[in-house]
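Structural characterization, general
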Amino acid sequence: MSESDIISLHCWLDDQTKHIINEESLSWVKPSGAWLVNTARGAVVHENALVAALLSGRLLGAAIDVVEVEPYPKTGVLFQSVPNLHLTPHTAFYSDEGFVEMRTKAAQEVRRVLVGQKPRNLVNSKFIAYQEQK
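Residue numbers restart at each chain and count upward from 1, following the sequence in its written direction. Side-chain atom pairs in this predicted model are given and counted only at pLDDT of 80 or more, local residue features only at pLDDT of at least 70, and totals for whole chains, interfaces and linings cover all residues. As a convention, hydrogens and water are excluded, and side-chain values are obtained from all of the structure's heavy atoms.

**A closer look at the overall build of the protein**
Each helix is a run of H or I in the DSSP string that is no shorter than four residues. Each strand is a run of E no shorter than two, and both are numbered from the N terminus. Secondary structure summary: the protein contains three helices and four strands in total. Ordered by position in the sequence, the α and β elements of the protein form the string β-α-β-α-β-β-α. Within these notes, the globule rule equals 2.2 Å times the number of residues to the 0.38 power, and the radius of gyration is based on C-alpha atoms. Compactness check: the protein gives a C-alpha radius of gyration of 19 Å against a globular reference of 14 Å for 134 residues, more than 25% above the reference. Oriented by its inertia axes, the alpha-carbon framework of the protein measures out at about 55 × 30 × 25 Å. Contacts are assigned to residue pairs that have any heavy atoms within 4.5 Å of one another. For the protein, restricting intrachain contacts to residue pairs at least 6 apart in sequence, the fraction spanning at least 24 positions comes to 67%.

Here you go:
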């Protein structure tokens with residue numbers, strides 16, 4: 001982070017990643033600043049630390065598509081007057097092409113399971129038995 005111009009988050013949310021972007025990690029941003037992009041999970045960014053970094057200039061800007069609590073409260077810190085904060089309502093993925101791709105990939109995964117193949121990106125393998133084809 002000490003050399004990055006853009007910090008883009010692409011991780012899952014668990015106990016180790018919750019608030020991984022916080023006051024301490026934001027202190028590692030280079031003095032000339034950086035941009036933060038979060039399209040992962042809202043809770044990986046500590047919102048108060050984000051606002052403080054934007055107000056201080058440590059972050060030059062932030063693009064946030066996910067928030068910790070949805071629906072986001074009208075009194076939330078991200079709705080304050082914060083410079084260079086760009087919020088989208090968890091719809092940054094939206095496009096006609098995106099919807100076609102989601103449906104196609106979902107159908108392909110259903111087919112894989114129905115023919116006895118292991119699904120791609122399986123995250124709960126200890127709960128699911130499958131027979132891999134040779």
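From this point, the discussion proceeds with the structure in view.
**Quick word on the side chain of Ser25**
For Ser25, the location among the structural elements is in helix H1 (residues 23-26). For Ser25, a relative accessible area of 3% puts it in the buried group. Polar side-chain contacts of Ser25 include one of 2.8 Å to the backbone nitrogen of Asn22. The contacts of Ser25, once residues within four sequence positions are left out, are Met1 and Ile20. Buried residues are those whose accessible area, probed at 1.4 Å on protein chains only, stays under 20% of the maximum for their type, while exposed residues exceed 50% and partly exposed ones sit between those limits. As used in this structure description, the phrase polar contact means that two N or O atoms lie within 3.5 Å; if the pair is within protein, one of them must be able to donate a hydrogen and the other to accept it, and residues adjacent in sequence are counted only when both atoms belong to side chains.

**Some details on unusual backbone geometry**
Cis peptide bonds are those with omega within 30 degrees of zero, and the linkage from Glu70 to Pro71 qualifies with -5 degrees. As for its position among the elements, Pro71 is in the loop between strand E3 (59-64) and strand E4 (85-87). In the Ramachandran plot, His19 falls in the positive-phi region, its phi being about 55 degrees despite a non-glycine side chain. Of note, Asn84 is a non-glycine position whose phi angle comes to about 55 degrees, a positive value. Checked against the element boundaries, Asn84 lands in the loop between E3 and E4. Overall, the relative accessible area of 41% leaves Asn84 in the partly exposed class.

**Remarks on the sheet that holds E3**
Each pair of strands is called paired provided DSSP finds at least two bridges between the two strands. Read from one edge to the other, the open sheet built from four strands follows the order E1-E2-E3-E4, with strand pairing classed as parallel. Strands with a single pairing partner mark the edges of an open sheet, and in this sheet they are strand E1 (6-9) and E4. Along the sheet, successive strands turn relative to each other by an average axial angle of 10 degrees, direction set aside. With axes taken as lines fitted to C-alpha atoms, and helix axes fitted only over the stretch in contact, angles between N-to-C directions fall between 0 and 180 degrees. Relative to the sheet, helix H2 (residues 47-56) contacts strand E2 (34-38), E3 and E4, its axis offset from that of E3 by approximately 140 degrees.

**Structural notes on the pairing of E2**
A one-sided burial pattern is seen for E2, the buried positions being Ala34, Leu36 and Asn38 and the unburied ones Trp35 and Val37. Of the strand pairs in this sheet, E1 and E2 are connected by four bridges, and their pairing is parallel. Of the residues in E2, the one forming a bridge with Ser8 is Val37. Whether a crossover is right-handed comes down to one check: with the strands pointing away from the viewer, does the path from the first strand over the helix to the second run clockwise; if it does, it is right-handed. Once the chain exits E2 it traverses H2 before rejoining the sheet at E3, and the crossover so formed is right-handed.

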